[in-house]
Amino acid sequence: MMDVVVAGGGVGGMAAALLLARQGHRVRLYERLGRLGGKLAEHRRDGFTFSLGPSLLTMPDAFRDLGLGRELVEPAELCRYRFADGSVLTARRDPDLMAAEVERLAPGQGAAWRAFHDWARGCLDAAGRTFFAGPPGRAPRGAAPLADLLAVAPGRTLDGLARRFFHDPRLLQYAGRYATYSGSDPYRAPAALGCIPALEHGQGGWHVPGGMARLADDLAALLAEAGVEVHLSSPVEEVLAGGERVTGVRLAGGGRVPADIVVANTDAAQLYGKLLPHRRRLRRIARLGPSSSVLLLLAGVEGRTPGLAHHSIVFSADYPREFADIFRDRRPPGDPTVYIGCSAVSDPTQAPEGAENWVMLVNVPARDPARWPQSVESYRDMVLERLAGRGHDLAGRLRFVETFTPADVRDRYGSWGGAVYGSASNGVLAPVLRPGNRGPRRGLYLVGGSAHPGGGLPLVVKGAGIVAGLVAEDFPARRPAEAGP
């Protein structure tokens, strides 16, 4: 049995703590906030519930494998895409229905979508054997590394991959949006992100009744059952090390907690910049650059919108310009793509009767809004005006609108400039260059959205499994001494 400290109670940290406790270790978890769950959070006001983080659950089996048995709800549509020309693509989970929708939108492209989906399935299978199976750079036993490498279209960007299959500019936008799942630029992000449609059309995208944050409640209950000692409102200020190994952590109040193993469920830039300074690793993170951040508009909306989908995307008219704004010019896009999530469509408990809870999300740079060329309020008004011009006019229906900015992300979660996913996956090698799960000291491990394999609910759970496997490998259970005669 080893003494383990988990610094950070996001989903990755909770899953790692649970798995390590089940291995028989003594586990203590310290969280800087007054609740568990990290970005799996919600905001409530006047009977409305808004998700501040993940809006859906893919790969639900990753959570069922942890022991979560909560019933899930699958929305009728995966997503509804509205393009700048007014055309609409309704994404269905069933691949046959999806191909038919693509054919309706762009005659002659239904077969191309099927080919794209087949490629995505092959890529996902390869990722399951390699990228999701262990730390970066390791070839799992029994794998066919060359075949798996070729399956992810090495050296090609996501936009380049999309152009292999589609010629309609709207379908290029549709495929390119999967880069935003890692806060990245489709014109620079690797083609491997194109495996995400295989997840959506395979295992589906699910809603958790009562709100996505209920997953954090379920994980907290499992931690209690496993005997994990949880300390809330207890920030870790330093990871302590002696020689080549960690020795514990120092808390904000000055208390020291000894440990054989420290699992950092923190932003990797914060870990290597403050908690355990490491210049070389921090420089490597800086070279990758931060992922995008978000501006959230949380709106209590009067009345019900006929035909509104649970998830909608309203695309910009100029996708290359939008990402140049975010990653090159580091300013909020002048013509943003807007995600609209209204969980009350699938779960009436999320809003008062006869009302809707709209979460409008815009991808923006990981930068303090005080440095934007306009105020948050004026940008909010521009976003609402753009939506009104593209079929989503909320004039006269708004009870209130609250904003959640990159500064809120930074201050609440300690993330790099408000980056949602740590470093961006911009560059074809970025996924293997992001911080690994083993730290530079024996006994130090990284888990969460800024470490391998990346952000999003299922990936941070996969990362927790990788960490648990590394701990078992690095600290094998001591065998009892053989009995004497």
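Everything here concerns the structure above.
To start, this report covers the structure provided alongside it.

Thresholds applied
- Residues numbered from 1 in each chain as written.
- Predicted model: local features only at pLDDT ≥ 70, side-chain atom pairs only at ≥ 80, totals over all residues.
- Heavy atoms only, no water.
- Phe/Tyr/Trp six-rings, centres within 6.5 Å; stacked < 30°, edge-to-face > 60°.
- Helix = DSSP H or I, 4+ residues; strand = E, 2+ residues; numbered from the N terminus.
- Buried < 20%, exposed > 50% of the residue type's maximum accessible area, 1.4 Å probe, protein only.
- Lys NZ or Arg CZ within 6 Å of the ring centre and 35° of its normal.
- Pairing = 2+ DSSP bridges.
- Axes fitted to C-alpha atoms, helices over the stretch in contact; angles between N-to-C directions.
- Core = buried A, V, L, I, M, F, W, Y, C linked by side-chain atoms within 4.5 Å.
- Contact = heavy atoms within 4.5 Å.
- Polar contact = N/O pair within 3.5 Å; in protein donor to acceptor, adjacent residues only side chain to side chain.

Focus: the packing of aromatic side chains
So, step 1. In the structure shown here, the tally under the stated rule is 16 aromatic pairs.
So, step 2. On the numbers, 5.6 Å between centres and 80 degrees between planes, the contact of Y81 with Y174 is edge-to-face. Here Y81 is found in strand β5 (residues 79-82), whereas its partner Y174 is found in helix α7 (residues 169-176), with 93 residues between them in sequence.
So, step 3. Judged by relative accessible area, Y174 falls into the buried class, the value being 0%.
So, step 4. Note on F165 and F166: the rings are 6.5 Å apart at their centroids and 55 degrees apart in plane angle, and the pair reads as tilted.
So, step 5. Judged by relative accessible area, F165 falls into the buried class, the value being 15%.
So, step 6. Connected via pairs of aromatic rings, a cluster forms that spans Y81, F83, F116, F165, F166, Y174, Y178, Y181, Y187, F315, Y319 and F323.
So, step 7. For R45, the ring lying beneath its charged end belongs to F400, and the centroid distance is 4.0 Å.
So, step 8. It is R177 that lies over the ring of Y178; its NZ or CZ is 5.6 Å from the centre.

As for the sheet that holds β5
So, step 1. In space, the 7 strands of this open sheet follow the order β6-β5-β13-β14-β15-β12-β16, with mixed pairing throughout. Each of the sheet's edge strands pairs with one partner strand only, and the pair in question is β6 (88-91) and β16 (398-404). In this sheet, neighbouring strand axes are inclined to one another by 20 degrees on average, regardless of whether the strands run parallel or antiparallel.
So, step 2. The sheet contact formed by strand β12 (residues 293-302) and strand β15 (residues 355-364) spans 10 bridges and is antiparallel. Residue pairing across strands places A299 opposite W358, the latter belonging to β15.

A word on the nonpolar core
So, step 1. Judged by nonpolar contacts, the single largest core of 48 residues is most densely connected at Y81, L89, W113, F116, F166 and Y174.
So, step 2. Elements represented by at least two residues in this core include exactly β5, β6, α3 (95-105), α4 (110-129), α6 (158-165), α7, α8 (196-202) and α12 (319-328).
So, step 3. For this core, the leading source of residues is α4, giving 8 residues.
So, step 4. Apart from the residues lying within four places of it in its own chain, the contact partners of L89 are C79, R80, Y81, F83, M98, E101, V102, R104, L105, L171 and Y174.
So, step 5. Membership of the second largest hydrophobic core comes to 44 residues, among which are V27, L40, F63 and L457.

Description of α12
So, step 1. Within α12, 7 of the 10 residues are buried, leaving the element largely enclosed by the surrounding structure.
So, step 2. Those residues of α12 not exposed but buried are Y319, E322, F323, A324, D325, I326 and F327.
So, step 3. If you follow the buried residues of α12, they end up packed against α7 and β15.
So, step 4. Where α12 begins, the side chain of D318 points an oxygen toward the backbone nitrogen of R321, at a separation of 3.1 Å.
So, step 5. R330 sits one or two positions beyond α12 and adopts a positive phi of about 55 degrees.

Interpretation note: all reported values are geometric properties and have no functional meaning in isolation.
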